[in-house]
Structure formats: C-alpha cells, structure tokens
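Inside the fold
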Amino acid sequence: MRIRKPLVYLSALAVVIAVGISLAVVLIISRPSQPQPVTSGCAWPVALNQATLTENSQVNVSNPDTAADYWIMPVPVEQGLSVTLAGRYPNSRYMSIATYDADGSPFTTNGIASALTDYRIAPDPGSVNPWQHKAAPGGSYTVTLRSSVAPGQVNTLPLAPAGTPSGTTDVIFYRVYAAHGGPGQVPLPTITLTRNGESRQLSQCPASGQDQIPKSYCSIPWVAKGAPVCGVTGRASTSGAAGTIVPFARDPIGTGGTPDNDIAYLSATVVPPRNGDVLVIRAQAPTAPSGTAPTPWPEPGTDLRYWSLCIDLAKPPVPVVVNRLPGGTADYGCRYDNQVALDRSGYYTFVIGTESQRAAIERIPGATFLPFSAAQPAQRYKLNMRNMLAERDFGEAVQDAPANGRSASAAAVMGPYYPRIASCPLATLAASGPAVCMRASAPPSANANQTTSSGHTIPALIFICAIAGWAVLEAWQVLRRRRNTGPAATSANRASLLIVALGAIVAVAIAILAAAEVPATSVPGGLITFGIGLLIMCSGIFLRWWSVKTPGHPDQPVTNTGPYRFTRHPSYLGFILALTGIGVVLDNWLSIAALALIPLISLIYLIQTEKKHSPRP
C-alpha cells in the first residue's frame, strides 16, 4: 500500500504533465504568425445595386452610380491558391472584373494590371465576345486569378500584389453598368477555388439585399475602416454658406476606394440656395452607345462608352441621394446618358431642385431633373460627372483633364463638354430657358475654384484697357487721315470708312449674340483661350500703330519700309486681327467668323475705293 499510493500520485502527475505538454504543442503549432485569411463559404456574398440602396442605407457609400451593379467576393491570399471565374457575357452596356489589394487599390504584378474590361476578355472556344464582334450576349468566358502571372497570359489577373503576405484578404469586384432588366437578369460567374491541385466550386450566395452583410465583407481592412454596415459611425459635416458653388474640376487621384480605372470623375461642390432658386448644369453631351445591349468597342460615332451625373451628400460615407416617394417608390440622385434629355444642339440641361419643384422642372423642354435630399435639403452636396472609356479620337473627355483640382484646367481641355453650373430662379428658367441662366456662369478662371466675379477682374481690366487704347489709336488715325487726304477723295473715303465702321458694328453685334445664344459653337474657354485672343487683338492694334507711324504710309508716296515690306495694307490687316482676337476672347467659332469676315468684306470695298480715287504711280 505504501508503494502503490506514491505510484498513483506519480502517475497522475505524469498524466497532467503530458496533457499540459500536448496542449502547449497544439497551441504553438496552431497559433498563426500572420492574420488568418477570411473568405466566404459561398460565391459573391455582397451585392451593391439600386435595390440594396433602398433596402439598406448602410451600404450607400462612396457615391455609387445607381445604374451600376456590383458584386463583391473577398478572397484569401494563400500560396498556391488560384481562383477561376467561369461566366457568360451579360446583356449590358459594360462589364469588368477587377481585383484590389487590402487597401482597396488596383495594382500591377509583372506588368499585368489587376482589371479586365469586357472587350479585353477572350471568349471560350465556340463563343463570341459581343464587345469584340457583333453578337448576342450570352457567350462564355473563363478568367483565372493567381499569385504568379506573366505577360501574354490570356484572361489572367493577379490575385494580389507581389510580396503580399499569406493571410491577407483581397477582394474581387464584378461590375456591370446599365444591365437590361436590372441586376436580377445578370448571370454571375461561378467561382472555383483551387488549392494544391484540389478544386472546390462555391455555391451561389443568397441575394445580399438583406440587412445583414456577411462577416467576410467587414473583414476587408478598407471596408472595416469606413463602412457604416460594419459599425463605423460617419463624421458630421457643415452645410456651408447657402448658394456656394465650387465648379467642376478633376480632383487629384488618390489611393484606395476600389476605383474603376475605366472611369474618370469631374466633381463640383454646392450648397442649395435658400431663396428657392435651382441649380442649372449645362454642356454639350458626348455621344454614347444607345440602349443597354453590348456592342463592339470602340464604336464608330460615339465618344464614350457611358456617362452619368450623380448628386451625393458631401459627408462621410458620401451616399448618393435617395428620396422616398409616396407609394413606396424612390428617386435616386443619378441619371445616365440614356435618361438625359438633349436639345436640338446636342446639349443637356440638368436642373437640381427639391421634390416639390420636380413637376415644374420636368415641364421645361430639354430639362433633366435631379433631386436635392428631401431629408437634408440644406446639406452640402458633391456632384460627380462620370466618363467611361473615352474613344481614342475624343480629346475632350474627363480623362483628358488634368487631375489638379482646378476648374479652369478642366474647362480649357473639355471645351463645350465642360459642365458649367449656375444658380437661377425657377421662374426665369421656365420663361427664358437655360441660356439666360448660364450667362451668369462664365468659364472658370485659373485662380478661382468658386464662382465669384473676383476671379475674372484682372483679365477683364486688361481687356478693357486694350479696347480703350485701340479706341484712342483709331480716333487719332481718323484725324490724321482727314488732314492728309486730298479734297477729291475726301467724300468717297468718308463713305467707304462709314461702311467699314458699320460692318465692324454689325460684326460685333453678331459676335456677342452668338456667344450668348449659340453655345454649340463655343470653343475651349479659360485663361488660355483668353490669352490667345488678347495676344491676337494686341498684335493687330500694334500692326495698325506701326503702319501709321512708318514714314510713307498709304496716305503718302509708296514705301517698302516697316510693315509694308510684308504686306501692302498692314493697317487693314491689323484691323482684321484685332477684331478676330475679340472673337477668340468670346470663345465662339461664330463670333470669330463674324468678326473676321464681315469687316474683311467692307475693307475690300474700301481698298477698291482708294484705288479709284487715289491712283498710285
């Protein structure tokens, strides 16, 4: 007994020690040295579209376009993992597949970008890509995502940037724009995960319009930091001074945010006026494919694949406006190209107002209504103009504007396609049309990001001084001609000079009218165009002054000095140049033509009269 009792104690102690050692070994082996990858047990667990915006306001983040449908798939970064997407080309205007890193940024691995646009996705054998060749949608394709990619691999995307540690969660985006019949008619690609030679196809997740978003979505770092659905509280923002307008500009491109690299954005910030005025946005509309069916790209006769304008609340998480209407419907703050009315000149006119102003706005010919938020009418808003896939020969797209946050830079590049914005009484808009409202919205200056008159003061003063100097020169020249012209020619010269003066007056009147009423013939505005016009005008004024000051000008014997070495009538050429420069300053092709051609005709008459009454040897 004495021996057995200690043996029992020793045996129990040995068991305890063995169990402890075993537990320690298990814990050490199982303890991760890196974050655990999180993935969904089914395919495409998160859907973001117009329906989910209505059902769950917490997924209304990052200024979504309500004509776009997104499906999101978190995937783990693991050595040897590959993901295969097998799908069918949807009946839609646009489709793309893209992967993003843990920060929500696109990337490139071994020269391979992390996105594939519809027209670059090769079809499976026996199928046709309707964005490559004219065909009905529905053909099949296969895209593979893997860690190791190399140039020349067809339908292959990098799963993660080089050097990404295992355990990181990246994300796949499947995007569709302007789908025929809505997101319910879009066939989603199947997802197959392959690890170490073993493949498993994931079942399709239930529709994710539910209030609960899967845990895998909130495990993505950039989502967890900013998504209300993941428990993040949005920061409040000030409304700003009523009537504030910061014109459209292309902001500097940052990181994160899962951008679609096929799209560029022009953004403006506004605060609604408190006197019942509406905001009017007007520009020439780029052409885009009609309808929602896929067509081969690029498509002749089109400028862009797609464009839209959306109004969002300018506070985190930047949701698009969604107004609940009677009867259970909703009005969304987005309109895309097929939904936008155009006038006979191909110009659109967006009118932003309250829901109570909707009926009056929609009665205005050519107007497209966009709503302020019914719940937060005095809020500061962000307007986003989207341009997708600019055609190679279209150089006025948002993609061509410098990403420097300056409205003048964007206006100079985009010309008539630059969206100008102005506040206007609704009664004035309804009675007189948008042209009257837009007169208060001059092209933005290079040093002003807000629509105030102070940004145009210096250029206006320079222009006025140039005009005043020209007027003094012309008066002096008329007096000089009256002293030097012989009596036989005085009457004829006076008549011809009167014709020239009347021609110039008519030309200026037509030029001003064209600049105000015919925006379809406008040219790129801003300080660059203003400077070119001012230079041409001053060159003409100088040429006239030089010709008068040169000894032996046309009122005296023939001379070959000064400007007469280059042209017989430098004074008249200067007159034409000065008027043409004014046309360039007015930013309109009709203005330029009127100020160049009408005075030219009258000057030709003057030259013939001078030859008749003042013969030269």
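The sections below set out a description of the structure shown in this document. (Residues numbered from 1 in each chain as written. Predicted model: local features only at pLDDT ≥ 70, side-chain atom pairs only at ≥ 80, totals over all residues. Heavy atoms only, no water.)

A few words on the overall build of the protein. Helix and strand content of the protein: 13 helices and 23 strands. Burial statistics for the protein: of 617 residues in total, 47% are counted as buried. Long-range contacts, defined as pairs at least 24 residues apart, comprise 76% of the intrachain contacts of the protein with a sequence gap of at least 6. Surface exposure of the protein reaches about 29200 Å², of which carbon and sulfur atoms provide 61%. (Helix = DSSP H or I, 4+ residues; strand = E, 2+ residues; numbered from the N terminus. Buried < 20%, exposed > 50% of the residue type's maximum accessible area, 1.4 Å probe, protein only. Contact = heavy atoms within 4.5 Å. Areas by Shrake-Rupley, 256 points an atom, 1.4 Å probe, with all protein chains shown as cover.)

Here we take up the nonpolar core. Membership of the largest hydrophobic core comes to 35 residues, with the highest contact counts inside it found for F248, I281, Y348 and L383. Those elements that provide at least two residues to this core are β13 (245–249), β14 (263–270), β15 (278–284), β16 (304–313), β20 (347–353), β22 (381–390) and α6 (407–414). The dominant element in this core, judged by the number of residues it contributes, is β16, at five residues. If near-sequence neighbours (up to four positions away) are discounted, I281 is found in contact with F248, L309, Y348, T349, F350, I352, L383, P419, R420 and I421. A43, M73, Y141 and Y174 belong to the second-largest nonpolar core, a separate cluster that totals 28 residues. (Core = buried A, V, L, I, M, F, W, Y, C linked by side-chain atoms within 4.5 Å.)

With that settled, the discussion passes to the sheet that holds strand β11 (residues 190–195). In spatial order, the strands read β9-β8-β3-β11-β12; together these five strands make up an open sheet with mixed pairing. Of all strands in the sheet, those with a lone pairing partner are β9 (156–158) and β12 (198–201), marking the two edges. Taking the axes of each pair of neighbouring strands and ignoring which way they run, one obtains an average angle of 20° across the sheet. Bridging between strand β8 (residues 140–146) and β9 involves three bridges; their strand directions are parallel. (Pairing = 2+ DSSP bridges. Axes fitted to C-alpha atoms, helices over the stretch in contact; angles between N-to-C directions.)

This part takes up the state of the cysteines. Evaluated as defined, the whole model comprises three disulfides. The partner cysteine of C424 in its disulfide is C437, sulfur to sulfur 2.0 Å. Looking along the S-S bond of the C424-C437 disulfide, the torsion reads about -50°, which is the left-handed sense. With C424 in strand β23 (residues 420–424) and C437 in helix α8 (residues 434–438), the pair connects residues that are 13 residues apart, well separated along the chain. Among the residues examined, C424 registers a relative accessible area of 2% and is labelled buried. Given a relative accessible area of 4%, C437 falls into the buried group. (Disulfide = S-S within 2.5 Å.)

A few words now on the environment of L577. Secondary-structure assignment places L577 in helix α12 (residues 570–585). When its relative accessible area of 29% is taken as the criterion, L577 is described as partly exposed. The sequence separation of L577 and I541 amounts to 36 residues, and the corresponding C-alpha distance is 7.9 Å. If we skip the residues at most four places from it in the chain, L577 touches I536, M537, G540 and L543.

We now examine the pairing of β11. Here six bridges tie strand β3 (residues 81–88) to β11, and the two strands are oriented antiparallel to one another. Looking at β11, one finds that T84 is bridged to T192. Connecting the antiparallel pair β11 and β12 is a turn made up of two residues, with N196 showing a positive phi of about 50°.

For the rest of this paragraph, the subject is the sheet that holds strand β21 (residues 367–371). Working definition: the strands of a sheet are paired by backbone hydrogen bonds and lie parallel or antiparallel to each other. Read across the open sheet, the four strands follow the order β21-β20-β15-β23; overall the sheet is mixed. Looking at the sheet topology across the chains shown, the edges are occupied by β21 and β23. The average angle at which neighbouring strand axes cross in this sheet is 25°, direction not considered. For β15 and β20, the ladder comprises six bridges, and the chain directions are antiparallel.

This next bit is on the environment of L606. By the element assignment, L606 lies in helix α13 (residues 589–613). What makes L606 buried here is its relative accessible area of 1%. Residues L606 and L498 lie 108 residues apart in sequence; the distance between their C-alpha atoms is 9.6 Å.

Moving on, we come to α12. Spanning 16 residues, α12 covers 22 Å between terminal C-alpha atoms, matching the ideal 22 Å at 1.5 Å per step. Within α12, 14 of the 16 residues are buried, which leaves the element mostly enclosed by the surrounding structure. Just downstream of α12 lies D587, where phi reads positive at about 60°. (Expected span 1.5 Å × (residues − 1).)

This part takes up empty space enclosed by the protein. Following the criterion strictly, the structure yields one cavity of 30 Å³ or more and no others. Taken together, the residues that form the lining of the largest cavity break down as nine nonpolar, two polar and one charged. (1 Å grid on protein atoms, 1.4 Å probe; cavity = no way out; pocket = protein on both sides within 12 Å on 5 of 7 lines; lining within 4 Å. Points joined across faces, edges and corners; volume = space filled by probe spheres on them. Nonpolar A, V, L, I, M, F, W, Y, C, P; charged D, E, K, R; others polar.)

This model, assessed by the stated rule, comprises ten salt bridges. E78 is the partner of R195 in a salt bridge, and the nearest nitrogen-oxygen pair spans 2.8 Å. You can see R195 sitting in strand β11 and its partner E78 sitting in the loop between β2 (68–76) and β3, a full 117 residues away along the chain. Residue R358 is joined to D331 by a salt bridge in which the shortest nitrogen-to-oxygen separation is 2.4 Å. Taken together, the residues R358 in helix α5 (residues 358–362) and D331 in strand β18 (residues 330–332) connect sequence positions 27 residues apart. (Salt bridge = Lys/Arg side-chain N within 4 Å of Asp/Glu carboxyl O.)

Once that is clear, we can look at α6. Counting buried positions along α6 yields seven of eight residues, so the element is predominantly enclosed. Immediately beyond the C-terminal end of α6, within one or two residues, lies G415, with a positive phi of roughly 55°.

For the rest of this paragraph, the subject is the packing of aromatic side chains. Scanning the model with the defined rule gives 15 aromatic pairs in all. A centroid spacing of 6.4 Å and a plane angle of 90° characterise the contact between W307 and F350, whose relative ring orientation is edge-to-face. With a gap of 43 residues between them, W307 in strand β16 and F350 in strand β20 connect regions that are remote in the sequence. A centroid spacing of 5.1 Å and a plane angle of 45° characterise the contact between F372 and Y381, whose relative ring orientation is tilted. Each member of the pair F372 and Y381 is classed as buried. Across from the ring centre of Y70, 5.4 Å away, lies the NZ or CZ of R175, which sits over that ring. (Phe/Tyr/Trp six-rings, centres within 6.5 Å; stacked < 30°, edge-to-face > 60°. Lys NZ or Arg CZ within 6 Å of the ring centre and 35° of its normal.)

So, about the environment of L116. Assignment of secondary structure puts L116 in strand β7 (residues 115–117). Judged by its relative accessible area of 6%, L116 falls in the buried class. Once residues within four sequence positions are removed from consideration, L116 is found in contact with S96, I97, I121, V143, N155, T156 and L157.

β16 sits mainly inside the fold: ten of its ten residues count as buried. In the sheet, β16 pairs with β22 via nine bridges, with the strands oriented antiparallel. Within β22, the position partnered with L309 by the bridge is M385. As paired elements, β16 and strand β19 (residues 334–336) share three bridges and run antiparallel to each other. Bridge pairing in β19 links C310 to C334.

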